[in-house]
Every structure is written in structure tokens, then in C-alpha cells.
Amino acid sequence: MITRGVRTHGASLGKRFLYVRTCTEQLAEPLSAEDQTVQSMPDASPTKWHLAHTTWFFETFVLRPHVGGYRTFDPAYEYLFNSYYEAVGPRHPRPQRGMLTRPSLAEVMSYRRHVSDAMAALLDSGNQDIDAIVELGLHHEQQHQELILMDAKHLLSLNPLKPAYRAPTSSHGAATPLAWRDFEGGLVEIGHDSEGFAFDNEGPRHRVWLEPYALASRPTNCGEYLAFIEDGGYQRPEFWLSAGWDCVNQRGWTAPLYWEKDDAEWRVFTLSGLQSLDPAAPVCHVSGFEAAAFAKWAGKRLPREAEWEAGASALEDTGIVWEWTASPYVAYPGYREPAGAIGEYNGKFMANQMVLRGGCSATPAGHVRPTYRNFFPPDARWMFGGIRLAEDLR
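Residues numbered from 1 in each chain as written. Predicted model: local features only at pLDDT ≥ 70, side-chain atom pairs only at ≥ 80, totals over all residues. Heavy atoms only, no water.

Thoughts on the packing of helix α1 (residues 13–28) against helix α2 (residues 47–66)
Their axes nearest at 10 Å, the elements α1 and α2 cross at an angle of 165°. As judged from the angle between their axes, α1 and α2 are roughly antiparallel. Here α1 and α2 pass one another in a crossing that is left-handed. On α2, the residues touching F17, R21, T24, E25 and A28 of α1 are T47, L51, T54, T55 and F58. Taken together, the residues of the contact of α1 with α2 break down into 4 nonpolar, 4 polar and 2 charged. (Axes fitted to C-alpha atoms, helices over the stretch in contact; angles between N-to-C directions. Helix = DSSP H or I, 4+ residues; strand = E, 2+ residues; numbered from the N terminus. Parallel < 35°, antiparallel > 145°, perpendicular 65-115°, else oblique. Left-handed = near helix turned anticlockwise from the far one by under 90°. Contact = heavy atoms within 4.5 Å. Nonpolar A, V, L, I, M, F, W, Y, C, P; charged D, E, K, R; others polar.)

Dropping the structure here:
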């Protein structure tokens, strides 16, 4: 687990701010300036852009509104590094972020220092009016820490040299036998209980009725998914949702992203470079369509997000891969978007996406909690998405 949560509980907000900012820069250090400039696909962003955008967030939402006479580092950055905040103004097109050879990485790092210094001074002033937006900014930057690893992995996988981001990690050892955890269901409460930080889409807490169900004790592993492949899973339309079958045929899917077969051996590209497939490791980088197809092949189904959350405390190996659910990403009953531009953070994406739960090996530790709702389109594969099976008990 990469432990990048805000671990300094009880420390000043200023110390927490500097800790998170330093962690982001440490994640970028193994990458060259060239690595940090390239955009491998429209859904990914260059590391340099992540470094700048997380800085733009603090400059736009904290420093400019709350510091009289604050000197903007470069007015052009307001356009270059806005992600999707329509209320803030126009922005550089997302698919063209890799064209931003300028500003240079050195200039972006100067931008980070400029903003971090100004933020440190502001936080030392004791202005508590900014605490909530700074807290959101810290968690926002931690989300981009995970994105840096996702996007860098995709980029490095396309390099014919298959370079490693980091040294190899230990294997998972022998596969753990799959067991099942039964749940009676009934009327349960889900959603954040207002203790500690949560994103707005995690609430409000509300009641949900669940029929009796069971969840697999652990995520599906690579050996189990390989059996699906060897049984013709990618050639048999009866397992696939219609849109998923279209993806299989149009995109030529034959295995999870980063899997490749060399003669008779399957290998997987990892952040440690190309490695032999580990049958005991949780399968990763599958789309929601692949997860649903595997579940149907196995005679099971994907969990609904309320089932997953209600049963989370009884599950093993959560936080290794994000686990697809069968639930669309929609607002909870009583949800209200925050006012202003910050209201665009989550609410406007509540269409054509599916919910994933649990966190992954690249998720900051403080973000791995039962109520966290990640979301992606069902055809997305470059995030660390995996599978946990479910079944009905009646």
C-alpha cells in the first residue's frame, strides 16, 4: 500500500499541506522531464499537468479569494491548468494537455513553490475561514497522486523498452481459497456519517433495503480470470453486455489491459516493469464490462454498491484493487451540490458512470474507507479496477 494519506492527525493544517505537497513531488521524481510532458491518451494527463493543476486549485480557490494583493504567478495558467470548472472560465482542451511543452517542468515547479510559500504564510495566519476549502484541496491533490501513478503506468507501458517506474515488489504467494460471506440484508444505513472528511458525493447518510446476499471474501485473482480467458470468455457473446461486446470487437480486447502473451507465458506490465503473471494477485485493469462478463461466466454477479458498503467490514484484501459494482453513479437521496464552482467537483459527472469501491494499492491511505465512491465509465481500464463477486441468497 502506498501510504500517502494525511497521516499527521492533530498537526496544523499548514504542516499537513506541506506534507501532501511534498508527497506529490516525490511521486514525480522517478519520472524524467520528458516522461512528465507526454500524454498517452485523451483520458490521461501528463504528470507535469497534475503538478500544475493541483497548484492551480489552491491559487484559484484559496489564495486569490482570501489574500489581498496576492500576486498571481502567471495569468496564462488560469486557462492552461483549469480542469473542468466552467464557472472559473475557459480552459485548454483536455485531449491536448500533452502539447503543453511550455511552460517547462522547471517553470511548473517554480509555480508550485510560489503557491506553496503563499499558502504556508496564509495558513500560519490562523484564518479558519479557509479550513474547509484547504481540506478539500488536500484531498483533491491526493486524488491526483493516484492519477499520477495511473497515467504514468499507461505512458510507460507504451514505451517499447517497457521501463520500470520503481523496483519490483514481492509476489502474493499462494492463492487464498475463495470463501463467501453471507449477509441477511434488511434495512441498512449507508453513506458518510459526518465524522471526519468526506467528499460531497459520499452523503447524505440514508437507509437502503437489501435482500439477503453474499460477497466473495477476496477479489478475483489472475489465475481465476485466466480460466475465463482460456474458456473463450472474450469470444463468447453470451457473457457480455451489448455495449461490452461492442468494445471487445471494436477494440480487440483479448485480456485485461497490460497483459501480453509471450510464447506460452502470460506477462503483465506493472509499475515495476514487465513481470510474469502472478496467479494469486488480484486481477487488475479490467473494465466494468469485463468484470460483469467474468461474473456471469462464473455464475455470479457484481455487488451493488450498498451491498458492498454494508458488508465491507467482513471482507478481506480491500484496498488492493478498486472493485467494480453494478451500481450507476447517481446522487444519494437528499444530495445537494455545494454552491459555486466547487459544486462542479462531483455532481455534474453523475451520468454514464459506474461506481467502484474499496481503494487500490495506489490510493492514499486516508481515502480507503467504506463510504468512498469512485466512478468511471464502464469501458475504462487504465485505473486499478478489479472484481469481487456477489450472489443472491434467495
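Some points on the pattern of salt bridges
Counted according to the given criterion, the structure contains 26 salt bridges. Notably, a salt bridge pairs R369 with E202, separated by 2.6 Å at the nearest N-O pair. One end of the pair, R369, is in the loop between β9 (354–357) and β10 (374–376); the other, E202, is in the loop between β2 (186–190) and β3 (206–210), and 167 residues separate them in sequence. The class of R369 is buried, set by a relative accessible area of 13%. Exposure remark for E202: the relative accessible area of 1% places this residue in the buried category. Among the salt bridges present, the one from E323 reaches R388, with a minimum N-O distance of 2.7 Å. In this pair, E323 is assigned in strand β8 (residues 322–328) and R388 in the loop between β11 (385–386) and β12 (390–392), connecting sequence segments 65 residues apart. You can call R388 buried: its relative accessible area is 0%. Salt bridges sharing partners connect three or more residues here, namely R21, E25, R112 and E141. (Salt bridge = Lys/Arg side-chain N within 4 Å of Asp/Glu carboxyl O. Buried < 20%, exposed > 50% of the residue type's maximum accessible area, 1.4 Å probe, protein only.)

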